[in-house]
Amino acid sequence: MAFDVSARFALPEDHERAVLVGRIWRPDVDGPAVVAVRGAELVDISAAAPTVRDLCEAPMPAALAMDAQGEPVGLVSDILANTPRATRDATRPWLLSPIDLQAVKAAGVTFAVSMLERVIEEKARGAPELAAGIRRDVGELIGDDLGKLKPGSKEAMALKQRLIELGMWSQYLEVGIGPDAEVFTKAPPMATVGHLHEIGVNPASSWNNPEPEIVIVANSRGEIVGALLGNDVNLRDFEGRSALLLGKTKDNTASASLGPFVRLFDRHFSLDDVRQAQVDLTVAGEDGYTLNGGSAMSKISRAPAYLMASTIGKNHQYPDGLVLYLGTMFAPTADRSAKGEGFTHKTGDIVTIISPKLGRLQNRVVSTHDAEPWTFGTRALMANLAKRKLI
């Protein structure tokens with residue numbers, strides 16, 4: 001199945017007034033460049049902001065992105081068309097993940113529906129064929145309408161006590177309705193992949209799924225300066241066997257996708273738009289299979305600003321800033337192949353994540369063994385920027 005490489009497909013519906021920044025690979029300088037979308041063109045603004053991290057540290061990132069002098073490097077449409085690895089011309093620029101030095105963090109169990117699915121994973125011990133029965137039993141005990149329950153509240157603590165009495169308490173319920181949010185490291189800095197790239201699923205996993213999410217971007221001061229789309233590729237069987245396998249569940253080659261561009265906050269786009277956003281997803285398989293789902297950010301149980309404050313502050317600093325996946329309510333349960341085994345990815349799946357004010361993020365599923373290897377890390381970036389006299 002083919003990617004949609006058009007600019008119309010990738011960009012937000014109101015892209016004419018959106019401040020969009022990202023990164024491309026420039027073969028002529030043998031390294032990445034920070035770019036701003038200006039009309040139909042991408043403009044290299046690396047002289048003003050050598051990294052996206054530097055751009056986010058500016059007092060007014062959106063103003064810098066709009067006003068910085070730069071070098072036009074190509075049409076958005078041409079660079080998108082050259083991004084898929086299978087058809088890439090290595091002598092011309094292509095799109096990268098739009099972040100660089102930031103820490104890559106993720107918040108888990110932030111929606112009631114996905115919280116129940118995490119409980120089910122734990123009870124099933126990674127066996128998808130057991131999930132349907134456990135889903136029914138858990139639903140009868142605690143229901144699935146927990147969206148109005150404030151985590152850490154007196155009512156939440158009363159529910160916690162009742163579940164303990166019923167023998168149904170879970171570590172996922174602890175972070176779903178307890179006082180402390182779950183925040184974990186999704187991937188190292190520089191390890192994320194972008195729009196029209198491959199996403200990797202560990203071949204040892206037989207039960208996995210996409211997680212369509214909005215991702216917020218913060219500077220080292222914890223100020224949220226923008227947002228983008230993300231896919232927190234998830235191995236349900238690994239995490240279901242043990243939460244101590246979270247690292248192997250989440251941090252695999254090409255398992256953190258971000259893009260297409262960071263939309264910076266300005267008078268046309270703010271955290272209020274993030275809180276009100278709808279995030280939709282489609283999965284189209286080479287076998288003719290189609291899956292549709294979505295998340296309404298209005299149903300999140302912990303506000304984005306609260307999650308960010310739980311991640312960065314006096315107890316934990318990030319001098320290069322961070323991005324934070326906000327979690328998803330999407331948890332596919334319909335069977336794809338065998339009855340009772342639910343959904344799992346197959347090689348070749350095209351995953352598309354959509355939100356009107358952020359655009360579309362599209363990736364193809366491959367085995368991590370076959371994904372494009374990650375070879376350009378932080379030291380390589382610093383050496384390249386120094387060689388170009390940008391730092």
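Nothing here was measured: the structure is a model prediction, and the numbers come from that model.

J.: Could you give me a rundown of the environment of Met 297, with the residues and numbers involved?
T.: Residue position: Met 297 is located in the loop between β15 (290–296) and α12 (304–311). Residue classification places Met 297 among the buried positions, given a relative accessible area of 2%. Sequence separation between Met 297 and Gln 278 is 19 residues; the distance between their C-alpha atoms is 6.1 Å. Once residues within four sequence positions are removed from consideration, Met 297 is found in contact with Phe 111, Ile 214, Val 274, Arg 275, Ala 277, Pro 304 and Leu 326.

J.: Kindly report on the pairing of strand β10 (residues 212–218), identifying the contributing residues and their values.
T.: Among the seven residues in β10, seven count as buried, and that is most of the element. Here seven bridges tie β10 to strand β11 (residues 224–232), and the two strands are oriented antiparallel to one another. Looking at the pairing, Val 217 lines up with Gly 226 of β11. In sequence, β10 turns back onto β11 through a hairpin of five residues, with Gly 222 there showing a positive phi of about 80°.

J.: Can you tell me about the pairing of strand β14 (residues 278–284), naming the residues and giving the values?
T.: Alternating residues of β14 divide into Val 279, Leu 281 and Val 283, all buried, and Gln 278, Asp 280, Thr 282 and Ala 284, none buried. In this structure, β14 lies alongside β15, joined through seven bridges in antiparallel fashion. Pairing of Ala 284 across the sheet is with Thr 290, part of β15. The hairpin turn running from β14 into β15, its antiparallel successor, is five residues long, and Gly 288 in that turn takes a positive phi close to 90°. With five bridges joining them, β14 and strand β17 (residues 350–355) adopt antiparallel strand pairing. In the strand pairing of β17, Val 283 is matched with Val 351.

J.: Lay out the side chain of Ser 295 with the relevant residues and their values.
T.: Its place among the elements puts Ser 295 in strand β15. Polar side-chain contacts of Ser 295 include one of 3.1 Å to the side chain of Thr 328. Ignoring sequence-local partners within four residues, the contact set of Ser 295 consists of Pro 212, Ala 277, Gln 278, Val 279, Thr 328, Met 329 and Phe 330.

J.: Which residues make up the pattern of salt bridges, and what values go with them?
T.: Under the counting rule described, the total for this entry stands at 21 salt bridges. We note a salt bridge from Arg 275 to Asp 272, for which the minimum N-O separation is 1.9 Å. Residue Arg 275 and its partner Asp 272 are both found in helix α11 (residues 271–275); the two are separated by three residues, about one turn of the helix. For Asp 272, a relative accessible area of 37% puts it in the partly exposed group. In this structure, a network of salt bridges that share partners links the residues Arg 26, Asp 28, Asp 44 and Glu 71.

J.: Mind laying out helix α13 (residues 378–387), listing which residues take part and the relevant values?
T.: Regarding α13, the residues found buried are Leu 381, Asn 384 and Leu 385. Along the axis of α13, the buried positions cluster into a sector of 95°, meaning they face one direction only. In α13, the exposed positions that point more than 90 degrees away from the buried face belong to Arg 379 and Lys 387. Packed against the buried residues of α13 are β2 (31–38).

J.: Give a description of the nonpolar core that names residues and reports values.
T.: If you look at the biggest cluster of nonpolar residues, it comprises 45 residues, and the most contacted ones within it are Ile 214, Ile 216, Val 274 and Leu 326. For Val 274, the residues in contact, after removing those within four places along its chain, are Ile 214, Ile 216, Ala 227, Phe 265, Phe 269, Met 297, Pro 304 and Leu 326. Core analysis: the next-biggest nonpolar cluster, separate from the first, contains 30 residues, Ala 68, Ala 106, Val 215 and Val 262 among them.

J.: An account of the sheet that holds β17 is requested, with residue identities and associated values reported.
T.: Ordered by their spatial adjacency, five strands build an open sheet running β8-β18-β17-β14-β15, and the pairing between neighbours is mixed. Sheet topology places β8 (198–201) and β15 at the edges, where each strand pairs with a single neighbour. With strand direction ignored, the average angle separating the axes of adjacent strands in the sheet is 25°.

J.: Go over the environment of Pro 260, please, and point to the residues and values.
T.: Mapping Pro 260 onto the fold places it in strand β13 (residues 256–264). For the pair Pro 260 and Leu 11, spaced 249 residues apart in sequence, the C-alpha to C-alpha distance is 7.6 Å. Apart from the residues lying within four places of it in its own chain, the contact partners of Pro 260 are Ala 10, Leu 95, Pro 98, His 195, Leu 358, Arg 360 and Leu 361.

J.: Talk me through the packing of aromatic side chains; I want residue IDs and the actual numbers.
T.: By the definition in use, this model includes four aromatic pairs. Aromatic side chains Trp 25 and Phe 376 sit 5.0 Å apart centroid to centroid with 90° between the ring planes, which places their arrangement in the edge-to-face category. With Trp 25 in strand β1 (residues 20–26) and Phe 376 in the loop between β18 (359–367) and α13, this residue pair connects regions lying 351 residues apart in the sequence. Grouped by ring-pair contacts, the aromatic residues Trp 25, Trp 94 and Phe 376 constitute a single cluster. The ring of Phe 238 carries Arg 241 above its face, with NZ or CZ at 5.3 Å from the centroid. Positioned above the aromatic ring of Phe 3, the side-chain terminus of Arg 364 is 4.6 Å from the ring centre.

Basis of the calculations
Residues numbered from 1 in each chain as written. Predicted model: local features only at pLDDT ≥ 70, side-chain atom pairs only at ≥ 80, totals over all residues. Heavy atoms only, no water. Helix = DSSP H or I, 4+ residues; strand = E, 2+ residues; numbered from the N terminus. Buried < 20%, exposed > 50% of the residue type's maximum accessible area, 1.4 Å probe, protein only. Contact = heavy atoms within 4.5 Å. Pairing = 2+ DSSP bridges. Polar contact = N/O pair within 3.5 Å; in protein donor to acceptor, adjacent residues only side chain to side chain. Salt bridge = Lys/Arg side-chain N within 4 Å of Asp/Glu carboxyl O. Arc of directions from axis to C-beta. Core = buried A, V, L, I, M, F, W, Y, C linked by side-chain atoms within 4.5 Å. Axes fitted to C-alpha atoms, helices over the stretch in contact; angles between N-to-C directions. Phe/Tyr/Trp six-rings, centres within 6.5 Å; stacked < 30°, edge-to-face > 60°. Lys NZ or Arg CZ within 6 Å of the ring centre and 35° of its normal.

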